[in-house]
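Residue strings, one per chain:
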Amino acid sequence: MAQDGSREMEKSLLHRHTEKHFTAGEIVRDIIIGVSDGLTVPFALAAGLSGANASSSIILTAGIAEVAAGAISMGLGGYLAAKSEADHYMRELKREEEEIITVPDTEAAEVAEILEEYGIEPHEYRPVVNALRKNPQAWLDFMMKFELGLEKPDPRRALQSAFTIAIAYILGGLVPLLPYMFIPIARKAVVASVILTLVALLVFGFAKGYFTGSKPFRSALQTALIGAIASAAAFGMAKAVQG
C-alpha cells in the first residue's frame, strides 16, 4: 500500500511539472538548411551576374531557374538522408533482435554493463536486467536507445524533410531576387538585393541562434558575414572574368 501511495505521489508530481524542452529539432534543422542555402546561393548568383552587367530580366530568369533546381536538389538530398537513417535503424533493429534471441546471456551482460556506467550497483541493476529479459520488446527498445544510441525514426520523416527543405529553400531564394522583379536596371537592383538579403540573413541568423541555443546576435552576424563574403566573391570573379 505504501508503495502504491508513493507511486501515485510521483505521478501527481510529474503531472504538475511540465518540462519545457524544444522538441521540433529536426524540422528546425531542415528549415535552417533550406533557408541558409536559399539565401546565399541565389544571392551570390545574382551578385555575380550583376557584376557581369547582365540585365535584371536575365538575372531574374537565371535566379528562378537556380531556385527551382536547388529546391529539388536539396529536397532530394534531405529525403535520401532521412531514408538512409531509417534504413540504418531497421538494419540495427533486426540485428539486435536476432542477438536477443540467439545470445540472450550476452545481451543481458551488455545491459548490466550499460547500467554500471550510470553508477548502479549489481544488486540494484539485477532486478532491472531480469525484468527486461521477461519483456523482449522493452529489452529491444532499451538496447536500441542505450547501447546504440538510436531513436526510432518517424516513418513520415523522409517526405517531411524533403518538403520542408525544398519550401525553405524557395522562400529563402526568392528574397535576393525580389528587387530584380521591380527594378529593371541591374546596377540599382543589386544594391537593393544586397541590403534586403543582408537584413534577411541577420534576422535568419538571429532566429537560428535563438532556436538552436547559441548566442543569437553572434549567430546573426556570422550568418550575414558568410552571405556577404559569398556574394562579394561572386561579384568580384564576374568582374575579373569580364575585364
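Rules and cut-offs
Residues numbered from 1 in each chain as written. Predicted model: local features only at pLDDT ≥ 70, side-chain atom pairs only at ≥ 80, totals over all residues. Heavy atoms only, no water. Salt bridge = Lys/Arg side-chain N within 4 Å of Asp/Glu carboxyl O. Helix = DSSP H or I, 4+ residues; strand = E, 2+ residues; numbered from the N terminus. Buried < 20%, exposed > 50% of the residue type's maximum accessible area, 1.4 Å probe, protein only. pLDDT = per-residue confidence, 0-100. Expected span 1.5 Å × (residues − 1). Arc of directions from axis to C-beta. Contact = heavy atoms within 4.5 Å.

Caption draft 1: Expanded view of the pattern of salt bridges. As enumerated under the stated definition, the model contains six salt bridges in all. The partner of E92 in a salt bridge is R95, and the shortest N-O contact between them spans 2.8 Å. Taken together, the residues span about one helical turn, with E92 and R95 both in helix α3 (residues 56–102) at a distance of three residues. On the accessibility criterion, R95 (32% relative accessible area) is partly exposed. In this structure, the salt-bridge partner of D105 is R133, at a minimum N-O distance of 3.0 Å. Of this pair, D105 sits in helix α4 (residues 104–117) while R133 sits in helix α5 (residues 122–133); the two residues are 28 residues apart in sequence, bridging distant segments of the chain. A residue is classified by how much of its surface remains accessible, and R133, at 35% relative accessible area, is partly exposed. Among the charged side chains, a network of salt bridges with common partners joins E92, R95, E96 and E99.

Caption draft 2: Main features of the confidence of the model for the protein. When the pLDDT values of the protein are averaged, the result is 81; 86% of them are 70 or greater. Looking over the protein, one finds the lowest element-wise mean pLDDT in helix α1 (residues 2–16), namely 52, and the highest in helix α7 (residues 157–182), namely 92.

Caption draft 3: Structural context of α4. Its 14 residues give α4 an end-to-end C-alpha distance of 20 Å, which sits within 8% of 20 Å, the value for a rise of 1.5 Å per residue. All buried positions along α4 are accounted for by E107, A108, V111, A112, I114 and L115. For α4, the angular spread of the buried residues around the axis is 160 degrees, confining them to a single face. Turned more than 90 degrees off the buried face of α4, the exposed positions are D105 and E117. Turning to α4, the residues buried within the fold contact α3, α5 and α6 (136–147). Remark: G119 follows α4 within two positions and exhibits a positive phi of approximately 80 degrees.

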